Amino acid sequence: MAGPRLEPALARQLFSEGAAVVMLGVPEGTEFGIDSSAWTVGPKFRGVKMIPPGVHFLHCSAGRAGGRETGPRTGFFLSLQRRDLRVLRWDAGSEAVELGPAGTEEAAAFRENLRELDPFLGPYPYETLKKWVSLTSFISEAAMKKLQPESGQICAFSEVLPVAAGRLSRDRAEQRLPPVDAECRSYAEGLARLPQMKPRAGTEIRFTELPKQTYPEGATPEEITRHSMDLSYALEKVISQRYASQPRDLLAELQFAFICFLIGNVYDAFEHWKRLLNILCRSEDAIRKYQDLYVNLISVLYHQLSEIPADFFVDIVSHDNFLTSTLQVFFSCTCSAAVDGTLRKKAEKFKAHLTKKFKWDFEAEPDDCAPVVVELPEGVQVD
């Protein structure tokens, strides 16, 4: 965990005033990380010192000493205060860190004897602090507690359980499923035979539920088409669930999802990030209404896209780039004279930055200008 050497006086101040996380029982060879940095721990590792106040993400992957293979990553968010100290223990059974209630007396004893523990604590990697702060600028302690799973653990591979029992023959008969040893006649039939699974209670990241229907009940065909092109109605539904008092706080969820994917390796978080970004970028009326939200969205995306290769969003089948098509619609909305001048200028600069850095073409006609085929609800007819 060696990093750039700090001046002795500054190092002493950070040691005294910074937070510390004591990690007990972490096996040698485990991959341990805090925020955007990670290392393979040695036999003397007991935690991290000199941690700046704020929200941090600690993550581990079980491994063997001297080996190159590690298990799935598990992580958790912590909100640390000045001179804070947390004591955590490794659970060999689950190969993860226990997140039980903090023992104040034990933590106070470790704080009192922190000098003796100093040689076993790695320093916080201050060379990556600026990047971490830029990626989590909207994630407050309140937002963290609202979004993280009830268990506290964020796992790359969620623990899932069957929706309905299916091990016994009578269970399968009740669900009108063929016997396990019955011949499968097609790929579709094989998929249909797979049991429906759901995450174990308390392990899901508590993202805002995004609407599957983008138009109000009873909408006319004309309204359905309009709401399918401009997703402002869907965005308003998202904002009303949690962020009615401060719509800009929705960006904390966008950042949380991105961190869970980028560092926590949670694919479902990436899917949520894409869906939420799609709604934000395709809400033309909302772009004019929520200037503060969208000015800050550009800043959030600027830092997030600096962490991902240019071809990451290209679909391997269709070769379409999700991000360029989504941002293309966004830029076509922000260039309107009805959009505030500050937002319009910032969007123009962001567009120029992406064009120069990634060689993305935003000048082609957006897909939204092509005819849109909309499925109408049952019973709705066009005159």
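Structure's up top.
Residue positions within a chain follow its written sequence, with the count starting from 1. Restriction of local features to residues with pLDDT of at least 70 applies here, the model being predicted, together with a cutoff of 80 or more for giving and counting side-chain atom pairs; totals for whole chains, interfaces and linings are based on all residues. For side-chain calculations, the full set of non-hydrogen atoms in the structure is used, while hydrogens and water are omitted.

So, the sheet that holds strand S10 (residues 154–155)
In any sheet, the strands associate via hydrogen bonds between backbone groups, in a parallel or an antiparallel arrangement. How we decide: Strands are treated as partners if at least two bridges between them are detected by DSSP. Numbered from the N terminus, helices here are DSSP runs of H or I no shorter than four residues, and strands are runs of E no shorter than two.
Spatial ordering of the open sheet is given by S3-S2-S5-S6-S10, a layout of five strands whose pairing is antiparallel. Taken across any chain shown, the strands that pair with only one partner, and hence form the sheet edges, are strand S3 (37–40) and S10. In this sheet, strand S6 (residues 74–80) lies alongside strand S5 (residues 54–61) in antiparallel orientation, the contact comprising seven bridges. Bridge assignment links His56 to a residue of S6, and that residue is Leu78.

Some thoughts on the sheet that holds strand S7 (residues 85–91)
Strands sit in the order S8-S7-S1-S4-S9 across an open sheet of five strands; the sheet is mixed. At either end of the open sheet lies a strand with only one pairing partner, and these are strand S8 (96–97) and strand S9 (122–123). Pairing geometry for S7 and S8, over two bridges, is antiparallel. Each bridged residue has a counterpart across the sheet, and for Trp90 the counterpart in S8 is Val97.

Concerning the pairing of S7
Sheet topology note: the strand S1 (residues 19–24)/S7 ladder contains five bridges and is parallel. Each residue of the ladder has a partner; that of Ala20, found in S7, is Leu85. Here S7 folds back onto S8 in antiparallel fashion, the turn holding four residues, of which Glu95 has a positive phi close to 50°.

Let's talk about the packing of aromatic side chains
Cut-off, in case you're wondering: Between 30 and 60 degrees the pair is tilted, below 30 it is stacked and above 60 it is edge-to-face, where a pair is any two Phe, Tyr or Trp rings, Trp via its six-membered ring, whose centres lie within 6.5 Å. Exposure categories follow from relative accessible area, calculated using a 1.4 Å probe and restricted to protein chains: below 20% of the type maximum is buried, above 50% is exposed, and the middle band is partly exposed. Lysine and arginine charges are scored as sitting over a ring when NZ or CZ, respectively, is within 6 Å of the ring centre and within 35 degrees of the ring normal.
Taken as a whole and assessed by the stated rule, the structure comprises 15 aromatic pairs. Here the aromatic rings of Phe32 and Phe45 are separated by 5.0 Å at their centres, their planes lie at 45°, and the arrangement is tilted. Here Phe45 lies in the loop between S3 and strand S4 (47–51) and Phe32 lies in strand S2 (residues 31–34), a separation of 13 residues in the sequence. Among the residues examined, Phe32 registers a relative accessible area of 0% and is labelled buried. Through a chain of ring-to-ring contacts, three or more aromatic side chains come together here, namely Tyr294, Phe330, Phe331, Phe350, Phe358, Trp360 and Phe362. Directly above the ring of Phe322 sits Lys274, whose terminal nitrogen or CZ lies 5.4 Å from the centroid.

Remarks on the pattern of salt bridges
Two side chains bearing opposite charge may form a pair once their charged atoms approach each other closely. Condition: Any carboxyl oxygen of Asp or Glu that lies within 4 Å of a side-chain nitrogen of Lys or Arg is treated as forming a salt bridge with it.
Applying the stated rule across the entire model yields 14 salt bridges. The salt bridge partner of Glu31 is Arg73, with a shortest N-O separation of 2.4 Å. With Glu31 in strand S2 and Arg73 in the loop between S5 and S6, the pair connects residues that are 42 residues apart, well separated along the chain. Given the relative accessible area of 22%, Glu31 is considered partly exposed. Looking at Arg73, the relative accessible area reads 14%, which means it is buried. The residue Glu307 makes a salt bridge to Lys131 at a minimum N-O spacing of 3.5 Å. In this pair, Glu307 is assigned in the loop between helix H13 (291–305) and helix H14 (322–334) and Lys131 in helix H4 (residues 129–135), connecting sequence segments 176 residues apart. Given a relative accessible area of 26%, Glu307 falls into the partly exposed group. One connected set of salt bridges, linked through shared partners, spans Glu284, Asp285 and Arg288.

Regarding the side chain of Thr30
Quick note on the threshold: In protein, a polar contact means a hydrogen-donor-capable atom and an acceptor-capable atom, both N or O and within 3.5 Å, with residues adjacent in sequence counting only if both atoms are side-chain atoms; elsewhere, any N or O pair within 3.5 Å suffices. Any two residues whose heavy atoms approach within 4.5 Å at even a single point are treated as in contact.
Relative to the helices and strands, Thr30 is located in the loop between S1 and S2. At a separation of 2.8 Å, a polar atom in the side chain of Thr30 contacts the main-chain carbonyl oxygen of Pro27. Excluding anything up to four places from it in sequence, Thr30 contacts Trp39, Thr40, Val41, Cys60, Ser61, Ala62, Gly63 and Trp90.

Digging into the packing of helix H11 (residues 267–281) against H14
As a reminder, the rule being used: An axis is simply a line fitted to the C-alpha atoms; with a helix, the fit covers only the stretch in contact. Between two such axes, the angle follows the N-to-C directions and lies from 0 to 180 degrees. Angle categories: roughly parallel below 35 degrees, roughly antiparallel above 145, roughly perpendicular from 65 to 115, and oblique for all the rest. By definition, any crossing whose near helix is turned counterclockwise from its far helix by less than a right angle is left-handed, and any crossing with a clockwise turn is right-handed.
At a minimum axis separation of 8 Å, H11 and H14 run at an interaxial angle of 25°. One way to sum up the angle between H11 and H14 is to call them roughly parallel. Here H11 and H14 pass one another in a crossing that is left-handed. Packed against H11, whose contacting residues are Trp273, Lys274, Leu277, Asn278 and Cys281, the element H14 presents Phe322, Leu323, Thr326, Leu327, Val329 and Phe330 at the interface.

Describing the pairing of S1
Most of S1 sits out of view: six of its six residues are buried. The two faces of S1 match: Ala19, Val21 and Met23 on one face and Ala20, Val22 and Leu24 on the other face are all buried. Both S1 and S4 contribute to a ladder of three bridges, which runs antiparallel. Looking across to S4, one finds that Val21 is bridged to Val48.

Considerations on unusual backbone geometry
With glycine set apart, most residues show a phi of negative sign, and most peptide bonds adopt trans. The phi torsion at Glu95 lies on the positive side, around 50°, for a residue other than glycine. By secondary structure assignment, the location of Glu95 is in the loop between S7 and S8. Backbone geometry places Lys359, a non-glycine residue, at a positive phi of 60°. Structurally, Lys359 can be placed in the segment after helix H15 (341–358).

Quick notes on the side chain of Asp35
Operational definition: The positive count covers Lys and Arg only, the negative count covers Asp and Glu only, and His and the chain ends enter neither.
Note on placement: Asp35 falls in the loop between S2 and S3. Salt bridges are absent for the buried Asp35, whose nearest opposite-charge side chain, Lys131, sits at 11 Å. At a separation of 2.7 Å, a polar atom in the side chain of Asp35 contacts the side chain of His56. Apart from residues no more than four positions distant in its own chain, Asp35 is found in contact with His56, Phe57, His59, Tyr124, Trp132 and Ile263.

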